[in-house]
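The residues making up each chain are set out below.
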Amino acid sequence: MSSRRKAPINLDVQEFKTIGYNLVDALSELLETIYIKKVTLGETPKEIKEILGDESLPEHGISAELILSRAQEMLLEHSLFNGHPRFLGYITSSQAPIGILADLLASGVNANCGANILSPMATAIETQTVNWLAELIGLPNTYGGVLVSGGNMANFTGFLAGRTQKASKLFKSSGLKNESKEMVLYCSKTTHTWVEKAAVLFGHGSNAIRWVDTHENRKMNISILERLIKEDIENGKVPFMVVGTAGDVSTGIVDDLGSIGKICEKYKLWFHVDGAYGVPAAIVPEEKEKFKGLEMADSIALDPHKWLYSPLEAGCTLVKNSKHLSDTFSSHPEYYNFDSDEADPSVNYYEYGLQNSRGFRALKVWAAIKQVGKHGYIDMIREDINLAKMFFDQANEHQELEAISHNLSITTLRYVPLNLAEQYKATGFLNDLNQKLLNVLQKEGEVFLSNAIINGTYCLRGCIVNFRTSEEDISNIIQIIVEKGQRVYSDLKS
Ligand SMILES: *Cc1c(COP(=O)(O)O)cnc(C)c1O
């Protein structure tokens, strides 16, 4: 005992227990009171900084107990709670309580999931999780994949895998400059901003993106897609990838994946599906039809931290053939291809993605899947979709609301005052009114919505990836929007 090194960062086991039990008590209270708290206090950055204090770099340490009780106080009293039943903003879910505990356990083991030798059990759990995620959305469990930090990284990972496959043989040694012709890719105008980031960051430039027009229903127009591909080929470009969206971030629309898949087969293009938000809905029997063609995708992005209620961060890239990841991300794919012929190959996830050292993200995803099973997810996702529909219907019935869209679990609507005065009917006024209304709603924290702009119309947008939201919450939210809408309108008039 006495020979143990004393390090200031170590914690006495008894102290660890006391602080730990305290923390679990505080979090349990949060889980109990989250229903009656505000979503957010809407404090300004200045107010928040004042609460934090402007202490300079500590010269010497203080007790861990003090630090954690202060951190609890700051975070539990001054955070925005996306686990709140009336948080419907962006696409951030209420996190599964089992995920909170799983994260603690994962950090307690501190497995480095870059290499199998450093994380034997954790790596096996990640592999099982990836297989289950593929199966969950109706794909054969022959798909490979890797967990990443979120949707952007999952899409980047698929993008890079596709590019390696479709570029020339010399691409890995000579880079883009060896490509004699410009490589171009296609996606609909509803595609998330990641695609532009990818084109810029990975050396293609944003002009390499062909933004395909959509139909009025916001699905990619496939005849325009094919026309653009043909034009590019005629003009000496090299089309390499089409991105289909399965649940667009503004309105939840799913592209016609089967038709995109056929175009990709015909022109030998990589088919990537961005299902970061929407693809878990493929497990709900009555929604399955919308995702027909998903099985044609070469790579798919899916975000457990969205509709699978995992705590941040957890994204996943699935690929039809895991060799496509190692071809891109491993420096010695041949050696490892040889390796994987052995009876008991080991998976080293650093060869499947951008990261080297990797945290144990899989545990919280794995634990939630085991806790609720496929049927638990079917029920919860179906209920989210039904609530979004109810939100739409109630807005539709209300005289002062205009329901605009409902797909999957996303509803858009806007506030329109009764007897709107003639001089206010000019375009722009209602946009302005709804924008101000959204700011008021977000600041006052009884409900948290975000926005979408649909054909120039500024809409309030609710996305339900929240297992706490109830029918009563939806009715209350309708009421809150109308009350605050009336107030903002009368302020604007005066
Ligand atoms: C959320 C989202 C992303 C980005 O995912 P992050 O987890 O925020 O990085 C990309 N595409 C779609 C369709 C999304 O909904």
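The model shown is predicted, which means the values in this text are computed figures rather than measured ones.

What counts, and where the lines are drawn
Residues numbered from 1 in each chain as written. Predicted model: local features only at pLDDT ≥ 70, side-chain atom pairs only at ≥ 80, totals over all residues. Heavy atoms only, no water. Near = heavy atom within 4 Å. Polar contact = N/O pair within 3.5 Å; in protein donor to acceptor, adjacent residues only side chain to side chain. Areas by Shrake-Rupley, 256 points an atom, 1.4 Å probe, with all protein chains shown as cover. Helix = DSSP H or I, 4+ residues; strand = E, 2+ residues; numbered from the N terminus. Nonpolar A, V, L, I, M, F, W, Y, C, P; charged D, E, K, R; others polar. Buried < 20%, exposed > 50% of the residue type's maximum accessible area, 1.4 Å probe, protein only. Contact = heavy atoms within 4.5 Å. Core = buried A, V, L, I, M, F, W, Y, C linked by side-chain atoms within 4.5 Å. Arc of directions from axis to C-beta. Phe/Tyr/Trp six-rings, centres within 6.5 Å; stacked < 30°, edge-to-face > 60°. Salt bridge = Lys/Arg side-chain N within 4 Å of Asp/Glu carboxyl O.

**Student:** So what about the site of the ligand? Which residues, and what values?
**Tutor:** Taken together, 15 residues sit near the ligand, with Gly151, Asp274, Asp303, His305 and Lys306 positioned nearest. Residue aspartate 303 places a side-chain N or O atom 2.7 Å away from an oxygen atom belonging to the ligand. One of the side-chain nitrogen or oxygen atoms of histidine 305 is found 2.8 Å away from an oxygen atom of the ligand. For the ligand, the protein covers 83% of the area, taking 380 Å² as the surface of the free molecule. Among the secondary structure elements, those contributing two or more residues to the shell around the ligand are helix H6 (151–166) and helix H11 (304–307). The greatest single-element share of the shell around the ligand, amounting to three residues, is contributed by H6. Here the shell around the ligand is built from residues that sort into five nonpolar, seven polar and three charged.

**Student:** Can you tell me about the environment of leucine 118, naming the residues and giving the values?
**Tutor:** One can find leucine 118 in the loop between helix H4 (97–109) and helix H5 (120–136). According to the relative accessible area criterion, leucine 118 is exposed, its value standing at 53%. Each C-alpha atom, one on leucine 118 and one on asparagine 348, is 9.5 Å from the other, the two residues being 230 residues apart in sequence. Not counting residues within four places of it along the chain, the set of residues in contact with leucine 118 comprises Ala111 and Asn112.

**Student:** If you had to explain the nonpolar core to someone new, which residues and values would you point to?
**Tutor:** With 68 residues, the main nonpolar core has Leu133, Trp307, Leu318, Tyr377 and Ile381 as its most contacted residues. The leading source of residues in this core is helix H14 (residues 362–397), at 11 residues. Not counting residues within four places of it along the chain, the set of residues in contact with tryptophan 307 comprises Tyr277, Gly278, Pro280, Ala281, Tyr377, Ile381, Asp384, Ile385, Leu408, Ser409, Ile464 and Val465. Core analysis: the next-biggest nonpolar cluster, separate from the first, contains 34 residues, Phe391, Ala403, Leu441 and Ile481 among them.

**Student:** Explain the side chain of threonine 164 to me, using residue names and the numbers behind them.
**Tutor:** Here threonine 164 shows up in helix H6. Residue threonine 164 is classed as buried on the basis of its relative accessible area of 16%. Looking at threonine 164, its side chain comes within polar contact range of the main-chain oxygen of leucine 160, at 3.0 Å. Ignoring any residue separated from it by four or fewer positions in sequence, one finds threonine 164 in contact with Lys172, Asp327 and Thr328.

**Student:** Which residues make up helix H8 (residues 194–201), and what are the values?
**Tutor:** Burial in H8 covers these residues: Trp194, Val195, Ala198 and Ala199. Buried residues in H8, looked at end-on, bunch into an arc of 135°, giving them a common side. Turned more than 90 degrees from where H8 packs its buried face, Val200 and Leu201 sit exposed. The elements touched by buried residues of H8 are H6, strand S2 (183–188), strand S3 (209–212), strand S4 (238–245) and strand S5 (270–274). Where H8 terminates, the next one or two residues include glycine 203, which has phi positive at roughly 90°.

**Student:** Tell me about the packing of aromatic side chains, and name the residues and values.
**Tutor:** Across all of its chains, the model carries 11 aromatic pairs by this definition. Both rings, one in tyrosine 90 and one in phenylalanine 448, keep their centres 6.4 Å apart while their planes meet at 45°; by these two values the pair is tilted. Of this pair, tyrosine 90 sits in the loop between helix H3 (64–77) and H4 while phenylalanine 448 is found in the loop between helix H15 (429–444) and strand S10 (450–454), placing the two residues 358 residues apart along the sequence. Judged by its relative accessible area of 45%, tyrosine 90 falls in the partly exposed class. Since its relative accessible area comes to 8%, phenylalanine 448 is described here as buried. Aromatic side chains phenylalanine 429 and tyrosine 489 sit 6.1 Å apart centroid to centroid with 75° between the ring planes, which places their arrangement in the edge-to-face category. Of this pair, phenylalanine 429 sits in helix H15 while tyrosine 489 sits in helix H16 (residues 471–493); the two residues are 60 residues apart in sequence, bridging distant segments of the chain. Neither phenylalanine 429 nor tyrosine 489 differs from the other in exposure class; each is buried. Taken together, Phe156, Phe159, Phe202 and Phe240 form an aromatic cluster joined through their ring pairs.

**Student:** Go over the pattern of salt bridges with me, naming the residues and quoting the values.
**Tutor:** Within this structure, the stated rule accounts for 23 salt bridges. With its nearest N and O atoms 2.9 Å apart, the salt bridge here joins aspartate 232 to arginine 210. With aspartate 232 in helix H9 (residues 222–234) and arginine 210 in strand S3, this residue pair connects regions lying 22 residues apart in the sequence. Of the two residues examined, aspartate 232 and arginine 210, each falls in the buried class. A salt bridge links glutamate 231 to arginine 227; its shortest N-O distance comes to 3.5 Å. A residue pair is termed a helical-turn pair when its members lie 3 or 4 positions apart in one helix, as glutamate 231 and arginine 227 do in helix H9 at four residues. A network of salt bridges, in which partner residues are shared, links Glu444, Glu446, Lys484 and Arg487.

**Student:** Quick rundown of unusual backbone geometry? Include the residues and the values.
**Tutor:** Cis geometry marks the peptide bond from leucine 312 to glutamate 313; its omega dihedral reads 0°. Phi angles above zero are rare outside glycine, and arginine 218 is one such case at about 75°. By the secondary structure assignment, arginine 218 is in the loop between S3 and H9. Classification of arginine 218 by relative accessible area gives buried; the value is 17%. Although it is not a glycine, lysine 268 sits at a positive phi angle of roughly 55°. Inspection of the secondary structure assignment puts lysine 268 in the loop between helix H10 (257–267) and S5. On the basis of relative accessible area, lysine 268 is assigned to the exposed category, the value being 64%.

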